[in-house]
Amino acid sequence: MTTPAPLHDAWTLRIDDLWRRAPDMAGDQLVAAIDALAAERPAHDGRALFERACARDTAGRESEAEPLYRAALASGQLDPYRRTRAVLQLGSTLRWLGRLDESEALIAGELTHHLQPGNDRPLHDEARALLALTYAAQGRGAEAAGLALAALAPRLSRYNRSMLACAKQLASEVWDDGQPPRPPFQPLHEGGFVLRPYRAEDLPAFVEAARESAATVGRWLGFAHAAYSAEEGAAWFARSAQNLAAGTAYELGVFERDTGAFVGGGGLNHFNSVHPFCNLGYWVRASWQGRGVAVAIVRALSRHAFDTLKMRRVEIVVSAGNEPSRAVAIKAGAHYEGVLRNRLQVNGQISDAHMFSLVPPAGSAAD
């Protein structure tokens, strides 16, 4: 059985940095740069194949992108979010190549997959929008309008049901499961702290926190270094917002409730696609360590995982030697399960890790 590649490993961060610079690069230059990074991984690595396909798509080289998308999907190594991206981008590529029936079948199949019990729905509305474009290219304007309207209807302030009914008159299938869109994330409160998505105005404080924490947080999380830039922070904010919208990760800023001061970050991520468990992480800026912030993060996020996301298990993985983080897990009531050999890569070095877990309280709604 193949294992999905990590969402935020060091190689991925380098790829993300390259994509941030892509708008200023010529198409051939982008393809060459992505290929150079892809060459660091095995020839049949799914993530590398996916990035190479994306680069060719961006450069307008759709006929070269197609086989790479197909190979990436066949590898079975893509996480659910990137797998859906690969399907949709392949469908779009086929549309550009004039193979409209293939484009329709591929994207419609993905939408049907989304609605099957137990499956996630990453990029569901994006899929409907892309299929609407394929319909339009096929000369099926009414169906294209109906599908686009179905995606829009739940987000209107009024007339939701009537607009959806009109959409279904225009298109025989709109892949609507009758469920409302995922409600906006509501801030989490614990003690004197608030956990919420990052906002643009948080960027200066976030950069300052990353720089001041190079000697503490930076020992275990490579993002915290003395030269951390506003560009790096903005990219992290963008990825966090994208993942939150897709439901693939909940990366949140932590703020003192009374003053609004930025004190650290925490997240739920690495959701297992089969079993209901995920990872929980936390970090506290150097000037706020020792004030109960990390324990508050663990309590707030684990409660959200159990009560809202219906997880049955939350894991906290702590690098060997990271005694402050280990103490937080213990104080928060996490159960210690032992040492995992070679579990983490910390600043380029392979490290053992302590495994802690939390489960819903007996008798709770998630139990």
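All residue numbers here refer to positions counted from 1 along the written sequence of the relevant chain. Totals for whole chains, interfaces and linings use all residues, but because this is a predicted model, local features are given only for residues with pLDDT of at least 70 and pairs of side-chain atoms are given and counted only at 80 or more. No hydrogens and no water enter the side-chain calculation; it runs on all heavy atoms of the structure.

Break down the overall build of the chain for me, citing the residues and quoting the values.
Labels follow the DSSP assignment, with helices taken as runs of H or I lasting at least four residues and strands as runs of E lasting at least two, numbered in each case from the N terminus. Scanning the chain for helices and strands turns up 13 helices and eight strands. The C-alpha atoms of the chain give a radius of gyration of 22 Å, which matches the 21 Å a tight globule of 367 residues would have. With the principal axes as the frame, the chain shows a C-alpha extent of 65 × 50 × 40 Å. Type-normalised accessible area, obtained with a 1.4 Å probe on protein chains alone, sets the label of each residue: buried when under 20%, exposed when over 50%, and partly exposed for intermediate values. Expressed as a percentage of the 367 residues in the chain, the buried residues total 45%. Taking contacts inside the chain between residues at least 6 apart in sequence as the whole, the part at least 24 apart equals 58%. When the accessible surface of the chain is totalled, it reaches about 18,100 Å², and 54% of it is carbon and sulfur. Both charge centroids of the chain, one from 39 positive and one from 41 negative side chains, sit 4 Å from each other. For the radius of gyration, the atom set is restricted to C-alpha positions; the globular benchmark scales as 2.2 Å times the number of residues to the power 0.38. In this analysis, two residues are considered to be in contact whenever any of their non-hydrogen atoms come within 4.5 Å of each other. Accessibility throughout is a Shrake-Rupley quantity obtained with a 1.4 Å probe, and a residue counts as covered only by protein chains that appear here. When charges are counted, Lys and Arg are positive and Asp and Glu negative, with His and the chain ends excluded. Think of each charge as sitting on NZ of Lys, CZ of Arg, CG of Asp or CD of Glu.

Outline the packing of helix 4 (residues 62–75) against helix 5 (residues 80–96), supporting the account with residue identities and numerical values.
Contact geometry for helix 4 and helix 5: axes closest at 9 Å, N-to-C directions at 150 degrees. Between helix 4 and helix 5, the angle is such that the two are roughly antiparallel. For the crossing formed where helix 4 meets helix 5, the hand is left-handed. Residue-level inspection shows Glu62, Glu66, Tyr69, Arg70 and Leu73 of helix 4 in contact with helix 5, the latter providing Arg83, Ala86, Val87, Gln89, Leu90, Thr93, Leu94 and Trp96. Here the contact of helix 4 with helix 5 is composed, by residue class, of seven nonpolar, two polar and four charged. Axes here mean lines fitted to C-alpha atoms, for a helix over just the part in contact, with angles spanning 0 to 180 degrees between N-to-C directions. For classification, angles of less than 35 degrees are called roughly parallel, those exceeding 145 degrees roughly antiparallel, those between 65 and 115 degrees roughly perpendicular, and all remaining angles oblique. Here a crossing is taken to be left-handed if its near helix is turned anticlockwise relative to the far helix by less than a right angle, and right-handed if that turn runs clockwise. Side-chain classes are defined by residue name, with Ala, Val, Leu, Ile, Met, Phe, Trp, Tyr, Cys and Pro counting as nonpolar, Asp, Glu, Lys and Arg as charged, and the others, Gly among them, as polar.

Break down the sheet that holds strand 4 (residues 262–269) for me, citing the residues and quoting the values.
Note on pairing: two strands pair once DSSP finds at least 2 bridges between them. Ordered by their spatial adjacency, eight strands build an open sheet running 1-2-3-4-5-6-8-7, and the pairing between neighbours is mixed. Whereas interior strands pair on both sides, the edge strands pair on one side only; in this sheet they are strand 1 (188–190) and strand 7 (335–346). Adjacent strand axes in the sheet meet at a mean angle of 30 degrees, parallel and antiparallel pairs treated alike.

Take it as geometry only, folks, not as evidence of what the structure does.
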